[in-house]
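# Observations on the three-dimensional arrangement
Single-letter residue listing:
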Amino acid sequence: MILNSLNDTRSIEVITLAGREQGLVFLGKTFVADQSYSNLDQAIAASRKDLDLGFAVLITPDGELFRVWVSVPNQIIYQSAQAA
């Protein structure tokens, strides 16, 4: 899903197997930041693998870039907190 803004999301910080990560909550799902790309077409192409694996993906504007966020199952989140 491509979001035009982060207004409908909530920023959080999560601790997963990978360590401390920046996250978002959108429609009750938790997403962690993946990569940023210089254009939307690159971000969509990079998301294909995660989509094929069954993960939900968000793409958001991030200044001049587009950031890809990948859903993470609640089972791998050890702790989450509202981001400052």
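Preceding block: the structure.
So, here is what we can say about the structure in this document. (Residues numbered from 1 in each chain as written. Predicted model: local features only at pLDDT ≥ 70, side-chain atom pairs only at ≥ 80, totals over all residues. Heavy atoms only, no water.)

### Section: the overall build of the protein chain
Test applied: Helix and strand labels come from DSSP, where a helix needs a run of H or I of at least four residues and a strand needs a run of E of at least two; each type is numbered from the N terminus. Based on C-alpha atoms, the radius of gyration is set beside the globule rule, defined as 2.2 Å times the residue count to the power 0.38. Contact criterion: two residues are considered in contact whenever any of their non-hydrogen atoms come within 4.5 Å of each other. Accessible areas in this description were obtained via Shrake-Rupley with a 1.4 Å probe; residue shielding takes into account the shown protein chains only. Lys and Arg are tallied as positive, Asp and Glu as negative. Neither His nor the chain termini are counted. All charge positions are set by atom: Lys at NZ, Arg at CZ, Asp at CG, Glu at CD.
Regarding its fold elements, the protein chain presents one helix and six strands. In the protein chain, the succession of helices and strands from N to C terminus is β-β-β-α-β-β-β. Over its C-alpha atoms the protein chain spans a radius of gyration of 12 Å, differing by no more than 12% from the 12 Å that the globule rule assigns to 84 residues. Overall, the protein chain is about 35 × 30 × 20 Å in size when its C-alpha atoms are taken along their principal axes. When contacts within the protein chain are restricted to residue pairs at least 6 apart in sequence, long-range pairs at least 24 apart make up 56% of them. Taken as a whole, the protein chain presents about 5400 Å² of accessible surface, with 50% of it coming from carbon and sulfur. Here the protein chain contributes 6 positive and 9 negative side-chain charges, whose respective centroids are spaced 7 Å apart.

### Quick word on the pattern of salt bridges
The condition that has to hold: By definition here, a salt bridge exists when the distance from a side-chain nitrogen of Lys or Arg to a carboxyl oxygen of Asp or Glu is within 4 Å. Relative accessible area decides the class of each residue, using a 1.4 Å probe on protein chains only: under 20% of the type maximum gives buried, over 50% gives exposed, and in between gives partly exposed.
Scanning the model with the defined rule gives three salt bridges in all. Note that Arg-48 and Asp-52 form a salt bridge whose closest N and O atoms lie 3.7 Å from each other. Of this pair, Arg-48 and Asp-52 both sit in helix H1 (residues 40–52), four residues apart, which is roughly one turn of the helix. Under the relative-accessibility criterion, Arg-48 is labelled partly exposed at 46%.

### Points about the packing of aromatic side chains
In plain terms, the rule: Each pair of aromatic rings taken from Phe, Tyr and Trp, with Trp reduced to its six-membered ring, is defined by centres within 6.5 Å and is described as stacked if the planes are under 30 degrees apart, edge-to-face if over 60, and tilted in the remaining cases. Put simply, a charge is over a ring when the Lys NZ or the Arg CZ is close to the ring centre, within 6 Å, and near the line of the ring normal, within 35 degrees.
Inspection of every chain in the model, using the stated rule, returns zero aromatic pairs. Here the basic side chain of Arg-67 rests over the ring of Trp-69, its NZ or CZ set 5.6 Å away from the ring centre.

### Quick notes on the side chain of Ser-47
Examined against the element boundaries, Ser-47 turns out to sit in helix H1. Residue classification places Ser-47 among the buried residues on the basis of a relative accessible area of 2%. Once you skip the residues sitting within four places of it in the chain, Ser-47 turns out to touch Val-57, Ile-59 and Val-68.

### Topic: the pairing of strand E3 (residues 29–37)
Note the threshold: At least two bridges found by DSSP between two strands are what make those strands a pair.
Note that strand E2 (residues 19–26) and E3 share four bridges and pair antiparallel. Counted as the bridge partner of Gly-23 is Val-32 from E3. In this structure, the hairpin formed by E2 and E3 is closed by a connection of two residues, where Leu-27 is found at a positive phi of approximately 55°. As defined by bridge partners, E3 adjoins strand E5 (residues 65–71) across five bridges and the pair is classed as antiparallel. Paired with Tyr-37 across the two strands is Phe-66, which belongs to E5.

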